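Observations on the model geometry
Each chain, written out:
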Amino acid sequence: ETQSAGDVLVQVEEDAHIATIVINRPRKRGALSSSVVNSIKAALLQCGKNDKISSVIIRSEGPGFSAGDDLMGKPPSHHEAQECIRAMELCA
């Protein structure tokens, strides 16, 4: 799947005190590429800085949550995955 410049890999939706991070790759079943992991990390950091947000939900568009690593694209590095986990911890 090729992303065009207008495609958004990850969206953040806010409703009251809940933020929902949406992986927007339904044709890839939410597969995690380097770009997706970095976008999730940025969204988590954004949510962590928002004092109004008390809960974060991560979901995916389409029939499944995530197919795992994107084997056709650049997979996330170990460092990128660790940074995303650190961002999750900041939201805890």
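Everything that follows concerns the structure shown earlier in this document.
Reference entry: report on the structure contained in this document. What you see as residue numbers is a count from 1 along each chain, following the sequence as written. Only residues with pLDDT of at least 70 get local features here, since the model is predicted, and only at 80 or more are side-chain atom pairs given and counted; chain-wide, interface and lining totals rely on the full set of residues. By convention in this description, side-chain values take in all heavy atoms of the structure and omit both hydrogens and water.

1. Looking at the pairing of strand S1 (residues 10–15)
- Pairing between two strands requires that DSSP report at least two bridges joining them. Strands are runs of DSSP state E lasting at least 2 residues, helices are runs of H or I lasting at least 4, and numbering of each runs from the N terminus. Where S1 meets strand S2 (residues 18–23), 6 bridges bridge the pair, whose relative direction is antiparallel. Among the inter-strand pairings, Glu14 is bridged to a residue of S2, identified as Ala19.
- What sits between the antiparallel neighbours S1 and S2 is a turn of 2 residues, in which Ala16 has the positive phi angle 60°.

2. Considerations on the layout of surface pockets
- The computed volume of the largest pocket comes to approximately 180 Å³.
- Residues are said to line a cavity or pocket when one of their atoms sits within 4 Å of a point; the points come from a 1 Å grid over protein atoms alone, cavities being sets where a 1.4 Å probe fits but cannot get out and pockets being open sets with protein on both sides within 12 Å along at least five of seven lines. In terms of lining residues, the largest pocket is bounded by Ile23, Leu32, Val37, Ile40, Ile58, Phe65, Asp69, Pro76, Ala81, Cys84, Ile85 and Met88.
- Elements represented by at least two residues in the lining of the largest pocket include exactly helix H1 (34–49) and helix H2 (78–91).
- Sort the elements by how many residues they give to the lining of the largest pocket and H2 lands first, with 4 residues.
- Amino acid classes used here: Ala, Val, Leu, Ile, Met, Phe, Trp, Tyr, Cys and Pro are nonpolar; Asp, Glu, Lys and Arg are charged; the rest, including Gly, are polar. Of the residues in the lining of the largest pocket, the class split is 11 nonpolar, no polar and 1 charged. Grid points are joined across faces, edges and corners, and a volume is the space filled by probe spheres set on the points.

3. A few points about the environment of Asn50
- Topologically, Asn50 is positioned in the loop between H1 and strand S3 (55–60).
- By relative accessible area, Asn50 is classed as buried at 17%.
- Placed 12 residues apart in sequence, Asn50 and Asn38 show a C-alpha to C-alpha distance of 19 Å. Buried residues are those whose accessible area, probed at 1.4 Å on protein chains only, stays under 20% of the maximum for their type, while exposed residues exceed 50% and partly exposed ones sit between those limits.

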